[in-house]
Amino acid sequence: MWSIVILLLLSFLAYVGTIRLIPQLGDLFIKAGLYGVDLCKVSKEKIPEALGVVSGCVFLVVSFLFIPIVFGYNLMDRETFPHSEFAELLAALLSICCMLLLGFADDVLDLRWRYKLLLPTVASLPLLVVYYVNFNSTTFIVPLPLRQFFGVSVNIGPLYYIYMGMLAVFCTNAINILAGINGLEVGQSVVIAISIVIFNVIELRGDQFKAHCFSLYIMLPYIATTLALLQYNWYPSKVFVGDTFCYVSGMTFAVVGILSHFSKTVLLFFLPQIINFLYSVPQLFHIIPCPRHRLPKYSPETNLLQASKTVISKKDLNFLNSIILKILSVLHLIEKHEDSQNIVINNMTLINLFLIKLGPMSEVCLTSSLLIFQVFCSCIAFIIRYPMASYFYDVKVK
Ligand code: UD1
Ligand code: MG
């Protein structure tokens, strides 16, 4: 427990350090050409981009400093040194470090989408290797109602590794596509991280004590540095966090989910991101045109945001996109206008869906509404994870 107390202290120092570093480095980023323009403001001033690299580096430095603290006690005795736990922590930090590097490359080079899918897969390899060496458990516990068909557990073998690789790809990209308004990328990550910490603290009393302690070792410095970043990224943003931040965050959540064996619970905390991903699928796979930016449209007259639009030429209509448009219209999930040549619909993101359902609103109000929804989904996740899980499993779900 003393190691958690030291980590809390280190995390506080990391928070103070990040708060000081970000304003000092902002100008350097602009000079290096790393800046963006806030598309939801009248002012076209340059705002430093990719500052997630600063919070990410401080997070990693603190985690590295923490290694001798947590393993120091065993360093003298080679016989009893916990090699497997040490390898887990190193692999976790290596995967996060890889993602920081690759995310920064993405911010500088603006990579194509196919690489955005490939990068997290490569970065998750150290993690999967350690998982193979330390656990190699590829078994799913079957819920009670399905046991008559599949038995108590199903071993899915190599498919489990594909599932874990895909989890890393999903977590990194899901945060990046629920983005575009001040404070949303960082805000959602803070809510997910706090939910994971609450879950770990509840589970500390259980038999998986060590795994949840491991998760806390990673999550506490992450939250500290991310809270510092949020102060600058909250409306009106003085810095943008870049894809670097989204990738580091997604990989951090995937890492603790995989190595602490609660990946399904992590996915429950990603409910808004899952909804946003599923809603976005037709645009992500270019079944419906996808502009470079899908963030809401700012109206300077009212200072409010409204849903941004995409145009489909009637000539490009085919069976697949027509049926998707039909289903979404019947379900009232899109706003659709048409003239003789074109059909105009909203860009399919959860952010725009909120604007359609709740009406135009200010940027800060929109971010707050989406974050309240994220908190609401975390509450649902806890209800599914605790009271409801006992209806489906006679043992705890991992
Ligand atoms: C993803 C989204 C894109 C969205 C963008 C916003 C998909 C497929 N891609 O692309 O639709 O527009 O994120 O981050 O869904 N920006 C703001 N205000 C903010 C944050 C960002 O105006 O609060 C703008 C700035 O111009 C900034 C740019 O977005 O420079 C960053 O976009 P980037 O992260 O490069 O976009 P993608 O991740 O490729
Ligand atoms: Mg981005």
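Residues numbered from 1 in each chain as written. Chains lettered and ligands numbered in written order. Predicted model: local features only at pLDDT ≥ 70, side-chain atom pairs only at ≥ 80, totals over all residues. Heavy atoms only, no water.

Neighbouring ligand 1 are 20 residues; V37, L39, E49, H293 and R294 lie closest to it. One nitrogen or oxygen atom from the side chain of N176 is found 2.9 Å from an oxygen atom belonging to ligand 1. Taking 720 Å² as the accessible area of ligand 1 by itself, protein coverage stands at 92%. Among the detected pockets, ligand 1 sits in the largest pocket. If you list the elements that add at least two residues to the shell around ligand 1, you get β1 (35–37), α4 (113–123) and α7 (158–177). (Near = heavy atom within 4 Å. Polar contact = N/O pair within 3.5 Å; in protein donor to acceptor, adjacent residues only side chain to side chain. Areas by Shrake-Rupley, 256 points an atom, 1.4 Å probe, with all protein chains shown as cover. 1 Å grid on protein atoms, 1.4 Å probe; cavity = no way out; pocket = protein on both sides within 12 Å on 5 of 7 lines; lining within 4 Å. Sits in = over half its atoms within 2 Å of the grid points. Helix = DSSP H or I, 4+ residues; strand = E, 2+ residues; numbered from the N terminus.)

What follows covers the coordination of the magnesium ion (ligand 2). Looking at the metal site, the magnesium ion (ligand 2) is ligated by N176 (OD1) and D243 (OD), spaced 2.1 Å from it. Of this pair, N176 sits in helix α7 while D243 sits in helix α10 (residues 242–259); the two residues are 67 residues apart in sequence, bridging distant segments of the chain. (Donors = N, O, S within 2.8 Å, 3.2 Å for Na, K, Ca; no water.)

To continue, consider the pattern of salt bridges. Applying the stated criterion across every chain, the model contains 8 salt bridges. Measuring nitrogen to oxygen at the nearest pair gives 2.9 Å for the salt bridge that ties K41 to D38. The salt bridge involving K116 is made with D243; its shortest N-O contact spans 3.3 Å. Pair noted here: K116 is in helix α4 and D243 is in helix α10, with a separation of 127 residues, a long-range link. Each member of the pair K116 and D243 is classed as buried. In the salt-bridge network here, residues are joined through shared partners; they are D38, K41 and E363. (Salt bridge = Lys/Arg side-chain N within 4 Å of Asp/Glu carboxyl O. Buried < 20%, exposed > 50% of the residue type's maximum accessible area, 1.4 Å probe, protein only.)

Running from N to C, α4 and α7 point in directions that differ by 135°, and their axes come no closer than 7 Å. As judged from the angle between their axes, α4 and α7 are oblique. For the pair α4 and α7, the crossing hand works out as right-handed. Contact residues: W113, K116, L117, P120 and T121 in α4; A168, V169, T172, N173, N176 and I177 in α7. Among the residues forming the contact of α4 with α7, the class breakdown is 6 nonpolar, 4 polar and 1 charged. (Axes fitted to C-alpha atoms, helices over the stretch in contact; angles between N-to-C directions. Parallel < 35°, antiparallel > 145°, perpendicular 65-115°, else oblique. Left-handed = near helix turned anticlockwise from the far one by under 90°. Contact = heavy atoms within 4.5 Å. Nonpolar A, V, L, I, M, F, W, Y, C, P; charged D, E, K, R; others polar.)

Tracing the sequence through the fold places V201 in helix α8 (residues 184–203). Along the primary structure V201 and L119 are separated by 82 residues, whereas in three dimensions their C-alpha atoms are 32 Å apart.

Time to look at the packing of aromatic side chains. One pass over the full model with this rule turns up 22 aromatic pairs. For the ring pair F71 and F81, a centre distance of 5.8 Å and an interplane angle of 40° mean the geometry is tilted. With F71 in helix α2 (residues 52–75) and F81 in the loop between α2 and α3 (83–109), the pair connects residues that are 10 residues apart, well separated along the chain. The class for F71 is buried, based on a relative accessible area of 7%. Under the relative-accessibility criterion, F81 is labelled buried at 11%. Seen in terms of ring centroids, Y131 and Y161 are 6.0 Å apart; in terms of plane orientation they differ by 80°. Their pairing is edge-to-face. (Phe/Tyr/Trp six-rings, centres within 6.5 Å; stacked < 30°, edge-to-face > 60°.)

Here we take up the layout of surface pockets. By volume, the largest pocket is sized at about 1500 Å³. Looking at the largest pocket, it is lined by 47 residues, and the ones nearest its centre are W113, K116, N176, D243 and R292. Where the lining of the largest pocket is concerned, the elements lending two or more residues are β1, α3, α4, α7, α10 and α12 (271–284). Ranked by residues supplied to the lining of the largest pocket, first place goes to α7 with 7 residues. (Points joined across faces, edges and corners; volume = space filled by probe spheres on them.)

This paragraph deals with the sheet that holds strand β8 (residues 336–338). If you trace the 3 strands from one edge of the open sheet to the other, you get β7-β9-β8, paired in antiparallel fashion. Single-partner strands in this sheet number two, and they are β7 (309–313) and β8. Recorded for the sheet is a direction-independent mean angle of 20° between the axes of neighbouring strands. Looking at chain direction, β7 and strand β9 (residues 342–346) are connected through 5 bridges and run antiparallel. If you follow S313 over to β9, its bridge partner there is N342. (Pairing = 2+ DSSP bridges.)

Now for the nonpolar core. Inside soluble globular proteins, nonpolar side chains tend to come together where they are buried. I196, I218, F253 and F270 are the most contacted members of the largest nonpolar core, which has 79 residues in total. Considering every element that reaches this core, the biggest residue donor is helix α9 (residues 209–233), with 12 residues. Sequence-distant contacts of I218, defined by excluding residues within four places in its chain, comprise F59, L89, A92, I96, T252, V255 and V256. In terms of nonpolar packing, the next biggest core, distinct from the first, is built from 28 residues, L184, I288, F354 and M361 among them. (Core = buried A, V, L, I, M, F, W, Y, C linked by side-chain atoms within 4.5 Å.)

Moving on, we get to the side chain of S263. As for its position among the elements, S263 is in helix α11 (residues 263–269). Here S263 falls in the buried class, since its relative accessible area comes to 6%. Setting aside its immediate chain neighbours within four residues, S263 contacts Y163, L167 and G257.

Moving on, we come to α7. Given a rise of 1.5 Å per residue, 20 residues ought to cover 28 Å, and the 29 Å separating the end C-alpha atoms of α7 matches this to within 8%. Buried residues dominate α7, accounting for 16 of its 20 residues. (Expected span 1.5 Å × (residues − 1).)

Any link to function would need more than the numbers given here.
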